[in-house]
Each structure stands twice: as C-alpha cells, then as structure tokens.
Amino acid sequence: MTTAQTQELDVQPTPLALLLLGREADPRSERGVECPGDLPSPSDPDLVMRARAAKEKLGDKVFVLGHHYQRDEVIQFADVTGDSFKLARDAAARPEAEYIVFCGVHFMAESADILTGDDQKVVLPDLAAGCSMADMATAEQVAECWDVLTEAGVAEQVVPVSYMNSSADIKAFTGKHGGTICTSSNAKRALDWAFEQGEKVLFLPDQHLGRNTAVRDMGMSLDDCVVYNPHKPNGGLTTDELRAARMILWRGHCSVHGRFSLDSVNDVRARIPGVNVLVHPECKHEVVAAADYVGSTEYIIKALEAAPAGSKWAIGTELNLVRRLANRFAPEGKEIVFLDKTVCFCSTMNRIDLPHLVWALESLAEGNLVNRIEVDKETEAFAKLALERMLALP
C-alpha cells in the first residue's frame, strides 16, 4: 500500500509499526543511537592508522577494553580482552587511566563505572550497543515481581541472584534485597551462598543459566524451577507454584545462545564424527544436556588451549569468538566449527565497529568527552554491594 493510499484511508501507523520500519526508536530498550558528530566512513582506508595515532596521542590516559565477542578490527586495539566481569576488574586495576573505552555493551560499561574511581570516565563508543538479555528485565518489572512474591507470602524466603549480564538498576535491586551477582563461571557458588541465606532464589535475567546451574550442577529437578513472565499477570504463576518452587527464573535469554537447538547438536555429530560439542551455559537446557562440555567463555578458551592436536570441536557461543579461535588453533591441527549452520553474531555487540572506535578515540584525544556511561550514586552504591558479595564468595 502506498503512502497516498494510506492517507486516503486515514490509517495512522502505530508506534510499533514505526519502530519496525526504523522510523522511531524504543527508548526503553536502547540507550541512544546517535553520535554528536560525524563518524568516519567505514570505507576509509586510514581508519587503522587513525585509531593507532589517537591511541598513541592519549598514551596512558586511555585504557581500551575488548570483549571476546567484538570484531577483530576492534579487538586489535584492546589493551586487554576478556569477559564482562574480568574487563570491569581490569579497568578498576588501572586507576591511572583517565578514560576507560569499553568495547562491549551498555551493561558492561555500567559495571566498569561502578568499579572504577570517581575520577575515571567510562566511554562506550556506540551508545546503541545494548544487550537484548539485559533489556528483558527492567527495574519496574522486577519491582512488580517482588510485589507478587510479597503477596504470595514468599518474598522473605527469596534471595535474588542476578547474572552479570544485567543493568545497573537490576544489580542495585539485587544488592538492596540482600542478593548477589554471579557470572557464568561462579553461578553455582552464588546459588550455594543464596540457599544458605534463604529457601528460594529469584534468578535474573537469564532463565537458561539459572536452570542449567540448578539442575545440572546442583542436582535439582526441572520441577523445582518455575519461569516468571513479566508480561503476564502475576508472572503467569499461581501462588501455589511460587510457594512450591525453589528457583524462580526470570523469562529472559540470550538471543545468540538461545538459537542453538538439539537439532544443531545432532546435525554436527552426524556431519563430523568424533566431534566434541562445547557450549555456553546460556544455551537451552536440552542443548546443555546433549553437549560434551559446558562452560563460560573463559572455560571455552581454556578447553581449546588444552585440547590435543587433531581434535574436533563444535562450539556453541558467539561467532566472532568461534571464528577467532578457529583461526588461532588451526596451525595446531584443531578443527573448530560453529555449532549451528546459521551464522549468528551478537548484533548489538557488533555495533562497536572501527568507525565508532576511531570517533571515540579521536574525540578524547582532542579533549572532547563523548558517550560517557555514568551510574547515579544511589544505584552505584547498591549495585556495588551486590558485586562485593560476589567477590566475597568462597
């Protein structure tokens, strides 16, 4: 239908339609999509040289962090690489750096701001680099969930445990209500601690990590777990279901890891005899149950480092990392493939590209602070409390 025909019918496009057409933005899911300046052209052949020059001019004033899922063109300029929490700790260990340029996504930059000094400034090269999982749990939704738990008479028994992949607001809620943060590496330790404090856990925002840790690592049953859906009245759960559950899982997931299926596992085993299937615990439970090995990003890297020459691996995690590992270990005769046939990058992580990095570094080199990520003091205090509880885990 043409615009003229639409006008004749007096049909007004809905906000959702405008969003899908790319003519509007959803301020609740993305923090910003514009740079207050012109980005260099992606085809500029001098981008690498410009990035090096700006970084050299800044010297020790800048510390560039690169998440494992970043593009190679960006990773080459990172002073350190790692997962989200490792990078935030690395930033905190560099108090002399005035600028922390975080090549990752929004919640990671927030964590870095929480853990670094007040005089340090955290910069995210593209403010639109969000995280779909983190955006699946808003402060308003979680507050409403707590009201539901209170009305069911179970809130006093519940300890919140929030995944590192969550907003500063959710981390602050967790700290305020006596809970802790976890990573994919220490989720079991965090849950062990939580069950020493209370009888139930509200696990935010990734249902799969919570379920896999509870069932695979702690011996619970699937019946011990219920899923709270923030888009349904009372989370779609009855009072009896809430009272019987040990794990109350938030209905959130990673858009990348959620793509892997049992069919993916069966297909790769049929195509590559003797393949080892290694997946991230953000994958669905049936995928984790069918895999040979399960672990965090750091675990995946270490497992491949220790793997014997000639071994074959199908990896269920973000494609940038899998491709980088395949290239790294090819000279050792290790065959490494992506678990799924369908190519899938983390789209929001990939928003940090070389033009955005060059723009951010050149702006800082010229004395212009851009795209600063700053968490307000009250939120920071409670979020830091939850992070400190994690750091104190045995």
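Since the structure is predicted, the reported quantities are computational estimates derived from the model, not experimental observations. (Residues numbered from 1 in each chain as written. Predicted model: local features only at pLDDT ≥ 70, side-chain atom pairs only at ≥ 80, totals over all residues. Heavy atoms only, no water.)

Student: How should the side chain of Thr 174 be read in this particular structure?
Tutor: Mapped onto the secondary structure, Thr 174 falls in helix 8 (residues 168–176). Here Thr 174 falls in the buried class, since its relative accessible area comes to 0%. Not counting residues within four places of it along the chain, the set of residues in contact with Thr 174 comprises Pro 160, Ser 162, Gly 179, Thr 180, Ile 181, Ala 386 and Arg 389. (Helix = DSSP H or I, 4+ residues; strand = E, 2+ residues; numbered from the N terminus. Buried < 20%, exposed > 50% of the residue type's maximum accessible area, 1.4 Å probe, protein only. Contact = heavy atoms within 4.5 Å.)

Student: Would you explain the confidence of the model for the protein in this entry?
Tutor: Close reading of the predicted structure is inappropriate where its pLDDT is low. Per-chain confidence: the protein averages 89 in pLDDT, with 90% of residues scoring 70 or above. In the model, residues 1–33 has pLDDT below 50 throughout and makes 23 contacts with residues more than four positions away in sequence or in other chains. (pLDDT = per-residue confidence, 0-100.)

Student: Sorry if this is basic, but what is going on with the environment of Gly 59 here?
Tutor: Position of Gly 59 relative to the elements: it lies in the loop between helix 3 (47–58) and strand 1 (62–67). Considered as a pair, Gly 59 and Ala 365 are 306 residues apart in the sequence and their alpha carbons are 9.5 Å apart.

Student: What is the right way to read the sheet that holds strand 14 (residues 372–373) from this model?
Tutor: Across a sheet, strands are paired by hydrogen bonds formed along the backbone, either parallel or antiparallel in direction. On the basis of which strands lie adjacent, the open sheet formed by five strands has the order 2-1-3-4-14 and mixed pairing. Two strands in the sheet have a free side with no partner beyond their single neighbour: strand 2 (80–82) and strand 14. Inspection of the sheet shows strand 3 (residues 99–103) paired to strand 4 (residues 121–123) by three bridges, in the parallel sense. Paired with Val 101 across the bridge in strand 4 is Val 123. Its contacts with the sheet place helix 5 (residues 84–92) against strand 1, strand 2 and strand 3, and it is angled at close to 170° to strand 1. (Pairing = 2+ DSSP bridges. Axes fitted to C-alpha atoms, helices over the stretch in contact; angles between N-to-C directions.)

Student: Help me out: how do you make sense of the side chain of Lys 334 in this one?
Tutor: Here Lys 334 is to be found in the loop between helix 15 (319–329) and strand 13 (335–338). What makes Lys 334 buried here is its relative accessible area of 5%. At 3.3 Å, the side chain of Lys 334 forms a polar contact with the backbone oxygen of Glu 305. Side-chain polar atoms of Lys 334 contact the backbone oxygen of Ala 307, separated by 3.0 Å. Excluding anything up to four places from it in sequence, Lys 334 contacts Leu 304, Glu 305, Ala 307, Pro 308, Ala 309, Gly 310, Ser 311 and Phe 329. (Polar contact = N/O pair within 3.5 Å; in protein donor to acceptor, adjacent residues only side chain to side chain.)

Student: Explain the packing of aromatic side chains here, please?
Tutor: For the coordinates displayed, the defined rule picks out four aromatic pairs. Geometrically, the ring pair formed by Tyr 228 and Trp 250 is stacked, given 5.3 Å between the ring centres and 25° between the ring planes. Of this pair, Tyr 228 sits in strand 8 (residues 225–228) while Trp 250 is found in strand 9 (residues 247–250), placing the two residues 22 residues apart along the sequence. We classify Trp 250 as buried; its relative accessible area is 0%. Taking 5.4 Å as the distance between ring centres and 65° as the angle between the ring planes, the aromatic pair formed by Phe 260 and Phe 338 counts as edge-to-face. (Phe/Tyr/Trp six-rings, centres within 6.5 Å; stacked < 30°, edge-to-face > 60°.)

Student: Even after reading the chapter, I still don't get the pattern of salt bridges, so can you show me in this structure?
Tutor: Close approach of charged atoms allows side chains of opposite charge to pair. In this structure the tally under the stated criterion is 18 salt bridges. Put simply, Asp 44, Arg 50 and Glu 362 are held in one network by salt bridges that share partners. (Salt bridge = Lys/Arg side-chain N within 4 Å of Asp/Glu carboxyl O.)

Student: Is there a simple way to explain the sheet that holds strand 12 (residues 312–316) in this structure?
Tutor: Pairing is parallel in the open sheet, where four strands are placed in the order 11-10-12-13. In the strand order of this sheet, the two ends are held by strand 11 (293–294) and strand 13, each with one partner. One ladder, built from two bridges, connects strand 10 (residues 276–279) with strand 11; its direction is parallel. Bridging across to strand 11, Val 279 finds its partner in Val 294.

Student: Any chance you could explain helix 9 (residues 187–197) here in plain terms?
Tutor: For an α-helix, 3.6 residues make a turn, and residues three or four places apart therefore share a direction. Residues of helix 9 that are buried include every one of Ala 187, Ala 190, Leu 191, Trp 193, Ala 194 and Phe 195, and no others. Here the buried face of helix 9 lies against strand 5 (158–163), strand 6 (180–182), strand 7 (200–204), helix 10 (207–217), strand 9 and helix 17 (377–391).

Student: For this particular structure, what's the right way to read the environment of Ser 296?
Tutor: Looking at the secondary structure, you find Ser 296 in the loop between strand 11 and helix 14 (297–306). In this structure Ser 296 comes out as buried when scored by relative accessible area, which is 4%. Placed 15 residues apart in sequence, Ser 296 and Pro 281 show a C-alpha to C-alpha distance of 6.8 Å. Residues contacting Ser 296, with those up to four places away along its chain left out, are Ser 184, Ser 185, His 280 and Pro 281.

Student: Hey, could you run me through the nonpolar core in this one?
Tutor: The nonpolar side chains of soluble globular proteins are, as a tendency, buried together. If you look at the biggest cluster of nonpolar residues, it comprises 108 residues, and the most contacted ones within it are Val 101, Phe 203, Met 247, Val 279 and Ile 336. For this core, the element with the highest residue contribution is helix 16 (residues 354–365), accounting for eight residues. Apart from residues no more than four positions distant in its own chain, Ile 336 is found in contact with Leu 304, Trp 313, Ile 315, Val 322, Leu 325, Ala 326 and Phe 329. With 21 residues, the next largest nonpolar core counts Cys 145, Ala 152, Leu 204 and Leu 237 among its residues. (Core = buried A, V, L, I, M, F, W, Y, C linked by side-chain atoms within 4.5 Å.)

Student: For this particular structure, what's the right way to read the packing of helix 7 (residues 139–151) against helix 8?
Tutor: Packed helix pairs are characterised by how far apart their axes lie and by the angle those axes make with each other. It is the contact of helix 7 with helix 8, at a shortest axis distance of 9 Å, that shows an interaxial angle of 25°. Taken as axis vectors, helix 7 and helix 8 run roughly parallel relative to one another. Facing helix 7, whose interface residues are Ala 139, Val 142 and Trp 146, helix 8 presents Asp 169, Ile 170 and Phe 173. Broken down by class, the residue content of the contact of helix 7 with helix 8 amounts to five nonpolar, no polar and one charged. (Parallel < 35°, antiparallel > 145°, perpendicular 65-115°, else oblique. Nonpolar A, V, L, I, M, F, W, Y, C, P; charged D, E, K, R; others polar.)

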